[in-house]
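Overview (structure and organization)
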Amino acid sequence: MTTYAALLRGINVGGSRKVPMAELRTLMTGLGHDDVRTYLQSGQAVFASGHGDEESLAAELASAIEKHFGFAVDVIVRDHAYLRAIADNCPFPAAELEPKQLHVTYFSAPVEAERFAEIDPGAHLPEEFRLGDRALYLYAPNGLGRSKLAEILSRPRINKGLIATSRNWNTVVKLVEMTGD
């Protein structure tokens, strides 16, 4: 059995695309997963599974969500080792920052630096971003809601062909803890 986190993109925001966490846990248990737990209402579920890999588990869950709730939801699934590595390899001093200042965008596939070549790193200081393994770290000292760099990084042409979903540092750390149990 491997423990994974499922990251659902764009649910329970602004009263639309509602996915109650209790229903999600029941749905995932029905798919044969064990120890299903959720974190917050914004789309994180932790589960143990003895079948599949990250991609097949994400596709299975996305399909089940669409059938059950009637709308498509992008899903990324990552195991504990990956989540731990993302936290451990943060290029910013996470322990010195407020969690609302640091975010990780998880991607469904590896990303190349060329994808972000049009962004002038000096134009948005003190905001900064760095690439990681299928992830992007964003330092936004005034928070994500006020970040001009975050707005640019989320443009469809930059993320074309990828699923991308962001989490604040508190959630990044909590998912490492939950998948490590």
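Structure: above.
In this report, we go over the structure that sits alongside the text. Please read these numbers as outputs of a predicted model, since none were measured by experiment.

Strand order in this open sheet of four strands is β6-β7-β5-β8, and the pairing throughout is antiparallel. Whereas interior strands pair on both sides, the edge strands pair on one side only; in this sheet they are β6 (128-132) and β8 (164-168). Taking each pair of neighbouring strands and ignoring which way they run, the sheet shows an average axis angle of 20 degrees. Here strand β5 (residues 102-107) runs beside β8; their pairing, made up of five bridges, is antiparallel. Bridge pairing in β8 links valine 104 to arginine 167. This element, helix α5 (residues 169-180), spans β5 and β8 of the sheet and lies at about 95 degrees to β8.

The subject of this paragraph is the side chain of glutamate 127. In this fold, glutamate 127 is placed in the loop between β5 and β6. Lysine 148 provides the closest opposite charge to the buried, salt-bridge-free glutamate 127, at an N-O distance of 8.5 Å. Side-chain polar atoms of glutamate 127 contact the side chain of serine 147, separated by 2.8 Å. Within the local environment of glutamate 127, its side chain forms a polar contact with the backbone nitrogen of leucine 149, the two atoms lying 3.0 Å apart. Every residue in contact with glutamate 127, bar those within four places of it in the chain, is listed here: Pro121, Tyr139, Ala140, Pro141, Arg146, Ser147, Lys148, Leu149 and Ala150.

This part takes up the packing of aromatic side chains. Counted according to the given criterion, the structure contains five aromatic pairs. Centroid distance tyrosine 4 to phenylalanine 47: 5.5 Å. Interplanar angle 25 degrees. Geometry classified as stacked. In this pair, tyrosine 4 is assigned in strand β1 (residues 2-8) and phenylalanine 47 in strand β3 (residues 44-49), connecting sequence segments 43 residues apart. For the residue pair tyrosine 4 and phenylalanine 47, the accessibility class agrees, reading buried in each case. Between phenylalanine 116 and phenylalanine 129, the ring centres sit 5.6 Å apart and the planes meet at 50 degrees, which makes this aromatic pair tilted. One end of the pair, phenylalanine 116, is in the loop between β5 and β6; the other, phenylalanine 129, is in strand β6, with 13 residues separating them in the sequence. In this structure phenylalanine 116 comes out as buried when scored by relative accessible area, which is 4%. Owing to a relative accessible area of 16%, phenylalanine 129 belongs among the buried residues under this scheme.

Conventions used here
Within any chain, residue numbers begin from 1 and follow the written order of that chain's sequence. Reporting of local features is limited, given that this is a predicted model, to residues whose pLDDT is at least 70; pairs of side-chain atoms are given and counted only at 80 or more, and all residues count toward the totals for whole chains, interfaces and linings. The side-chain values count all of the structure's non-hydrogen atoms but skip hydrogen atoms and water molecules. At least two DSSP bridges between two strands are needed for those strands to be called paired. Only DSSP runs of H or I with at least four residues qualify as helices, and only runs of E with at least two residues qualify as strands; both kinds are numbered from the N terminus onward. To get an axis, fit a line to the C-alpha atoms, keeping to the stretch in contact for a helix; angles then go from 0 to 180 degrees between the N-to-C directions. Residue contacts are defined here by distance: any two heavy atoms, one from each residue, within 4.5 Å place the two residues in contact. Partly exposed describes any residue whose relative accessible area lies between the buried limit of under 20% and the exposed limit of over 50%, with all areas from a 1.4 Å probe on protein chains only and scaled to the type maximum. Two residue types count as positive, namely Lys and Arg, and two as negative, namely Asp and Glu; His and chain ends fall outside the count. Salt bridge, as used here: a side-chain nitrogen of Lys or Arg that lies within 4 Å of a carboxyl oxygen of Asp or Glu. Contacts described as polar in this section are N or O atom pairs within 3.5 Å, which, within protein, must combine one atom able to donate a hydrogen with one able to accept it, while residues neighboring in sequence count only if both atoms come from side chains. For Phe, Tyr and Trp, rings pair up if their centres lie within 6.5 Å, where Trp contributes its six-membered ring, and each pair is then called stacked (planes under 30 degrees apart), edge-to-face (over 60) or tilted (otherwise).

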